[in-house]
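Overview (structure and organization)
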Amino acid sequence: MPEPKPKFNRYPMLCPALSFAAGIVAGKVLSVSLITALVVALLLALLAIAFRSSVSGTAFLLIAFAAGGAAGFDLEQLRESAPDRIRVLYDGGTFVSGSPVELEGVLNSSPEPSIDGEFLTLRGEAITYRSQKQNVSGTVRVFVPRPTVDTRRDLGSEISDLKYGSRIRVTCPLEREDEFLDPGVQTRREVLDRIAVDATCTVKSRLLVEHIADESVFLPLAWVYDQRAKVIEAFRDDLDQRTAGVMIASLLGNKYFLDKDTADLFREGGTFHILVISGLHITFIGGLLLLFIRRLTKNRWWQFVLTAGVLWAYTLAVGADVPVVRASLMFTIFLLGYALYRQGSLLNSLGVCAIVLLAWRPSELFDPSFQLTFVSVGAIVACAYPSIERLRSIGSWTPTPSEPFPPAAPRWLTRFCEMLYWNDAAFRIEQKRSLWSGRIIKSPLFGGKVREWTQKLVRYLFEGLLVSAIVQLWMLPLTVVYFHRVSVAGVLLNLWVGFWIAIESFAAVAGVLVGGVSTLLANGFYSIADAANWILLFVPGLFADNGWASFRLPAYHGVGAAVYTIYYVPLIVIAVLLSRWQPLTVNRGKAVNTVKSVSLFQWNVAVTAVTALVLLAAIIVAHPFSAPRADGRLHVDFIDVGQGDSALVTFPDGKTLLVDGGGRQSYYRDETGDAEPNDFRADNRTIGEAVVSEVLWYKGYSHIDHILATHADADHIQGLNDVAKNFGVTSALFGRTPLADPEFAELYGVLQKRGIPIDVVVAGETFKFGEATVEVLYPTPTDDTNAPSDNNHSVVLRITYGSRSFLLTGDIERQAELDLLANGGPFAADLVKVAHHGSRTSSTAEFIAASHPQFAIISVGRHSVFGHPHPDVVERWQDAGVRVMTTGENGMISVSTDGKDLSVGRYLPE
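Since we're looking at a predicted model, the values are computed, not measured.

1. A closer look at a nonpolar patch on the surface
Nonpolar side chains collect at one region of the surface, where Ile-35, Val-39, Leu-42, Leu-43, Leu-46 and Ile-49 lie side by side and expose about 600 Å² of accessible area between them. The exposure class of Leu-42 is exposed, given its relative accessible area of 54%.

2. Comments concerning the pattern of salt bridges
Counted under the stated rule, the structure contains 42 salt bridges. The salt bridge involving Asp-193 is made with Arg-87; its shortest N-O contact spans 3.6 Å. In this pair, Asp-193 is assigned in helix α5 (residues 188–194) and Arg-87 in helix α4 (residues 86–91), connecting sequence segments 106 residues apart. Looking at Arg-87, the relative accessible area reads 10%, which means it is buried. A salt bridge links Arg-188 to Glu-179; the nearest nitrogen and oxygen atoms lie 3.3 Å apart. For Arg-188, a relative accessible area of 22% gives the class partly exposed. Judged by relative accessible area, which is 37%, Glu-179 ranks as partly exposed. Through salt bridges with shared partners, a single ionic network connects Glu-80, Arg-85, Arg-87, Asp-91, Arg-176, Asp-178, Arg-189, Asp-193 and Asp-198.

3. Observations regarding helix α1 (residues 14–30)
Between its terminal C-alpha atoms α1 stretches 24 Å, which fits the 24 Å expected from 17 residues at 1.5 Å a residue. Those residues of α1 that sit buried are Pro-16, Ala-17, Ser-19, Phe-20, Ala-21, Gly-23, Ile-24 and Gly-27. Where the residues of α1 are buried, they touch α3 (55–80) and α12 (346–360). Two residues or fewer past α1, Ser-31 is found with a positive phi of approximately 55°.

4. With respect to the packing of helix α11 (residues 322–339) against helix α13 (residues 368–395)
Packed helix pairs are specified by the crossing angle of their axes together with the interaxial distance, meaning the distance between the axes. Put simply, α11 and α13 touch, their axes get as near as 10 Å, and they point 30° apart. Between α11 and α13, the angle falls in the class roughly parallel. Regarding α11 and α13, the two cross each other, and that crossing is right-handed. Mapping the contact onto sequence places Pro-323, Arg-326 and Met-330 in α11 and Ser-369, Phe-370, Thr-373, Phe-374 and Val-377 in α13.

5. Some remarks on the confidence of the model for the chain
Per-residue confidence for the chain gives a mean pLDDT of 88, with 92% of residues at or over 70. Per-residue pLDDT stays below 50 along residues 149–158; that stretch engages in 21 contacts with residues further than four places along the chain or on separate chains. This model gives residues 665–677 a pLDDT under 50, and the stretch forms 32 contacts once residues within four places in sequence are excluded.

6. Things to note about the sheet that holds strand β19 (residues 766–769)
Pairing within the open sheet is mixed, and its 7 strands lie in the order β19-β20-β21-β22-β23-β24-β25. If you trace the sheet from one side to the other, it starts and ends with β19 and β25 (883–886), each paired once. Between one strand axis and the next, the sheet turns by 20° as a mean value, whatever way the strands run. Two strands pair when backbone bridges link them, and strand β21 (residues 796–801) and strand β22 (residues 804–808) are joined in this way by 5 bridges, in the antiparallel orientation. Each bridged residue has a counterpart across the sheet, and for Thr-800 the counterpart in β22 is Ser-805. Set on the sheet, helix α28 (residues 871–879) makes contact with β23 (831–833), β24 (855–858) and β25; between it and β25 the angle comes to about 140°.

7. A word on the nonpolar core
The biggest cluster of nonpolar side chains holds 58 residues, and the ones touching the most others in it are Phe-374, Trp-474, Val-480 and Tyr-567. The leading source of residues in this core is α13, at 12 residues. Beyond its immediate chain neighbours, meaning those up to four positions away, Trp-474 contacts Val-375, Ala-379, Cys-383, Tyr-568, Leu-571, Ile-572 and Ala-575. Within the second largest apolar cluster, 34 residues are counted, among which are Leu-239, Phe-257, Leu-258 and Val-497.

8. Digging into helix α6 (residues 219–238)
Here α6 is 20 residues long and its end C-alpha atoms lie 29 Å apart, about the 28 Å a rise of 1.5 Å per residue gives. On its buried face, α6 is in contact with β2 (112–114), α7 (241–252), α10 (300–317), α17 (490–514) and α18 (519–545).

9. Digging into the packing of aromatic side chains
Going through the model one piece at a time under the given rule, you end up with 23 aromatic pairs. Consider the rings of Trp-301 and Phe-304, whose centres lie 5.9 Å apart with planes at 85°: the pair is edge-to-face. Taken together, the residues Trp-301 and Phe-304, both in helix α10 and 3 residues apart, mark about one turn of the helix. The class of Trp-301 is partly exposed, set by a relative accessible area of 42%. A relative accessible area of 15% means that Phe-304 is categorised as buried. Members of the aromatic cluster, each reached through a chain of ring pairs, are Tyr-90, Phe-95 and Tyr-129. In this structure, Lys-442 is placed above the aromatic ring of Trp-422, and the distance from its NZ or CZ to the ring centre is 4.6 Å.

Calculation criteria
- Residues numbered from 1 in each chain as written.
- Predicted model: local features only at pLDDT ≥ 70, side-chain atom pairs only at ≥ 80, totals over all residues.
- Heavy atoms only, no water.
- Patch = residues over 30% accessible without salt bridge, like charges linked within 9 Å, V, L, I, M, F, W, Y side chains within 5 Å.
- Areas by Shrake-Rupley, 256 points an atom, 1.4 Å probe, with all protein chains shown as cover.
- Salt bridge = Lys/Arg side-chain N within 4 Å of Asp/Glu carboxyl O.
- Buried < 20%, exposed > 50% of the residue type's maximum accessible area, 1.4 Å probe, protein only.
- Helix = DSSP H or I, 4+ residues; strand = E, 2+ residues; numbered from the N terminus.
- Expected span 1.5 Å × (residues − 1).
- Contact = heavy atoms within 4.5 Å.
- Axes fitted to C-alpha atoms, helices over the stretch in contact; angles between N-to-C directions.
- Parallel < 35°, antiparallel > 145°, perpendicular 65-115°, else oblique.
- Left-handed = near helix turned anticlockwise from the far one by under 90°.
- pLDDT = per-residue confidence, 0-100.
- Pairing = 2+ DSSP bridges.
- Core = buried A, V, L, I, M, F, W, Y, C linked by side-chain atoms within 4.5 Å.
- Phe/Tyr/Trp six-rings, centres within 6.5 Å; stacked < 30°, edge-to-face > 60°.
- Lys NZ or Arg CZ within 6 Å of the ring centre and 35° of its normal.

Rendered as structure tokens:
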């Protein structure tokens, strides 16, 4: 009897990694206790050792890894919820968000410069709150605004010579409170926890930052921080502003100098990841380092030590954020395999990376950045690399003892691969060295005219496009869920941007390096960098201007979200089939050796998998089941946009009307209210993008029938710019169209570019949406095309369905209310959206008496800088027997009626 052949798992680290991740999910969903998980993991590990020679041992080991994952997650939660942790003290009510405190701590890094100040990240050690001092732990980010508009001063000595390791005491209103409570909108606390920051604050004066002492630090790291600050200053001084922003972001990890228009070009083209230091940058930099160091030494251990050392110094220099540390750790593990001469599967290395990273921070599994990194790397390792490897083997095949037969592949594929990879000149040289001679007939496409440098260029383009397309395919669910974007041109633009940003980076760095020797030579390199940046942005701009770059779409929620998980099933099947496809491997039978080909069963499975993948991709992209169906009720959702107005009206027949879109008072003002220098438009998410659009996507919409701006104030109209860009819109409605008003003019330009028709509505007009009626009560008609669109000329709507009616009043003030009353129109309503955020300029007693609603909704910020709503106004409504609700306290307020009943609810996040 022949001895059984040993069976080896080709991916021994992949399955444990998947089990460990499954255990983390179980630990979060099932709330497994730490002791239970540890005991189970230990017992199963012992059983795995006892049964290590059987299949049972493997099963026990995998379950032990799952129990270990659950234990790790629970341990992390205990560590993060330490009683002295700043986030715990604020979330538990010990400290009140926004109240002044005196914070003492040590800087984790050098001050991070921005266009209008510096950010200090410190390890908190003590907080004095209401004269009581308490020891604390956790990380705090402090913004210190620059006192003057002079932005060219030395950034390294801005704040009392603060540096890495400086102990400081700062007085400021420390904040850890959610801003916008709406479905689909990520809360501020979630954002802070994701970036490992417990709280933030902005100091009113630099004098409130006291430099106490300097702690001992790791001097090489301090030197690295100083050099980074000098490079940032050199880029800002010598490069164009847009070029400097791109270089500082992509090379040094600081996005505060990146202007919004440039950032949006990268986002629309699906190439924003190039501006974020992550796996792509670390792999590129590490690969270049390894290539250079290999020329200095042939010893792999020295190559490993030097490459890893420089790479980790760079990681610490750019802030050592979790995604950068993750990418560096992954590259180090892959590099260690290289040093050990381990030529095993890249999937094994990926499994090791996953186990190490998840053991370090189990909650990272739920972080979008972690998921994006591993899915993209997995796509390259499991699909892109094997595909290119197979195609190369087909195209470059020559007879060998191990591969004597031509590839088992379709003729068209063989010809295509030969066009890319067959090198006839190299084959002739090899023939002269061989003991045998022969002739191999090749028939590459285009008659073999694609050769030498042309062949290399075509090969580079094809492989780049193939890798980009495969990664985009694997990333589709994640980009939809997290970014609501499908990049149409991303496959092409990734190559374009990657090529030109490499040239730009080399030129910019060369300019810094030679700057101390020759200013003239440095300026030449800087000019090359500026030119490369212009070329880089030109093509993405062309795609974006013509609407070819990308489009936005909603994501499924609830049960429908299962489609994103199911989507990966056919992808994994295709990856497995690809790994099993060996077009040159010989089947050694008893009688004859034949080339291994794809069986009929495998072919049928492949066709089924591809068909399923196409169908699932269509369900995701076309999202036919995402939007809510008409339910015969009238819905009004008063979105919490802070200090502003936005209300989504969904009529009984399913038609939609968005009244106002919220917004900031000015694009060009920071958190302190100071104008940004040189009208620099920082890359901050606007209310329309971060709040209103997110709510609409959460509800499943990609199309809004009508948008209406009550008037041209920024806190009402500005967010509609993003809605018009992100959604299909049938028409835009206005009471006035003053092109001289900059806020209206900006929205008008967006509407014109998108081809959205504009209609003017005035008092007396009526619109029917099924059985619901919308009456326009204000403003009165005018022949002046540039008539003001201010508070007292806001559009006022009365929406009626059955016996119920809602009154939406914009920002009208006392005079407009008196005009409405004088006109004698119908004002009785079950619910009134209170005018002007509850300001004393509105809500006269006569108007309240005429409308006499059951509910008064005030759209207002949680902490209004204008003192809205005014206590006198709230009291006036309440004295009339009206229940007053504010979005600042309740989040999004949702009202609905079937024409008879009236339902009022509020949104409270879990």
